[in-house]
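Take a look at the letters that make up each chain.
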Amino acid sequence: MAAKARISVIGAGLMGHGIAQVFAAAGHEVTITDAAAQNLDTARSRIADNLRDLGEDESAAARVRPCADLANAVRDADYVVEAVSEDLAVKQKLFAEIERHVRADAILASNTSVIPITSIMQGLSRRERALGTHWWNPPFLVPLVEVIETQWTSAPTVALTMALHEGAGKKPAHVKKDVPGFIGNRLQHALWREAISLVEQGICDAQTVDDVVKASFGRRLPVLGPLENADLVGTDLTLAIHNIVLPAIDSRPEPSPYLKKLVAEKKLGFKTGEGFRTWSPTERAALHARVMQHLKSMA
Ligand SMILES: NC(=O)c1ccc[n+]([C@@H]2O[C@H](COP(=O)([O-])OP(=O)(O)OC[C@H]3O[C@@H](n4cnc5c(N)ncnc54)[C@H](O)[C@@H]3O)[C@@H](O)[C@H]2O)c1
């Protein structure tokens, strides 16, 4: 793909405007579209605000062209990425429409969080140029983009997509099979399942779970991945630990009853002020600010 590619982003919400920002900041020409006029109209100013907040060149926002008409938004694109609502029927319908207007060699990507890419792309007539690209929020601060191939995706489509994201300063990771949760969310939710189980069993409270993670292996995680860590301590020690620990940790194949009860009681976390822990508006704002500050310090 050219150093200055034509990128089309469908959906100008939380993820879409951030993805558009990353490609524009990397020098690409970006078109963005959205079904909701208000979200489209504010996309460029939100991008400019983000760039200002990051101390980056705001002029990149001018490379993002809002376009209300889908056909016009994708017609000349080298690469189309969809970040609309997480709804399979909406995404399938959208890609069928996109395919009617794009060039035959344009790459088509979905930023779905959890819907199988195979389900989204199965109705396309040229499925070899379609794949998943799973960004993390906020797209301009979290480096990872998982690049998910399906059974139909061609090798050049994967290679061009990996190179495009690497060139835009992201850290692409090739996911070779279209499995639920890809890589990052499988790992993250394996940890969350055990975290919830520890509380459910009365072994500790929710704050203690978070304190333990943040004060122990969480400290090392930015520089020491789990398999680097296993090699560091030794695969023999890892095996000895697994022989004792794995039979004891949660392996239920469904969500915890404890989690279901919280949801049934409308303890939805930040949204209602209580989840695993209670959250005042000040505490919510402070945690959000701490996360953003931390991500900026690592950027
Ligand atoms: N929020 C996250 O942390 C996160 C992280 C990774 C992936 N994702 C995925 O990214 C996608 C977008 O998530 P979001 O958080 O940005 O959602 P959002 O609700 O902020 O934005 C979605 C946007 O899509 C628009 N839209 C809906 N249907 C449309 C259509 N048919 N055509 C054009 N525009 C349409 C909406 O108007 C809205 O502006 C979802 O698939 C989500 O699962 C989200």
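Residues numbered from 1 in each chain as written. Predicted model: local features only at pLDDT ≥ 70, side-chain atom pairs only at ≥ 80, totals over all residues. Heavy atoms only, no water.

1. A few points about the pairing of strand 2 (residues 29–33)
Each regular strand displays side chains that alternate between the two surfaces of the sheet. Quick reminder of the rule: Throughout this description, buried means an accessible area under 20% of the type-specific maximum (1.4 Å probe, protein chains only), exposed means over 50%, and partly exposed covers the range between. Comment: elements are numbered from the N terminus, with helices defined as DSSP H or I runs of at least four residues and strands as E runs of at least two. Strand pairing is assigned whenever DSSP identifies at least 2 bridges connecting the two strands. Every crossover in which the path from the first strand over the helix to the second runs clockwise, viewed with the strands pointing away from the viewer, is termed right-handed.
Counting buried residues along strand 2, four of its five residues qualify, which places the element largely inside the surrounding structure. As paired elements, strand 1 (residues 6–10) and strand 2 share five bridges and run parallel to each other. The residue bridging Ile7 from the neighbouring strand is Val30, located in strand 2. With respect to chirality, the unit in which strand 1 leads through helix 1 (residues 14–25) into the neighbouring parallel strand 2 is right-handed. Alignment of strand 2 against strand 3 (residues 64–66), held across three bridges, turns out to be parallel. Residue Val30 lies in a different strand from strand 3, and its bridge partner there is Val64.

2. Section: the sheet that holds strand 6 (residues 130–135)
Under the convention used in this document: Lines fitted to C-alpha atoms define the axes here, with helix axes fitted over just the stretch in contact, and angles between the N-to-C directions of these axes take values from 0 to 180 degrees. By definition, residues are in contact when any of their heavy atoms lie within 4.5 Å.
Taken in spatial order, the eight strands line up as 3-2-1-4-5-6-7-8 in an open sheet, and their pairing is mixed. This sheet does not close on itself; its edge strands, each paired only once, are strand 3 and strand 8 (171–175). With direction set aside, neighbouring strand axes in the sheet form an average angle of 25°. The strands touched by helix 2 (residues 37–54) are strand 2 and strand 3; relative to strand 3, the strand with the most contacts, the crossing angle is about 160°. The strands that helix 6 (residues 155–167) touches are strand 1, strand 4 (79–82), strand 5 (107–110), strand 6, strand 7 (144–148) and strand 8; relative to strand 6, the one it contacts most, it runs at about 30°.

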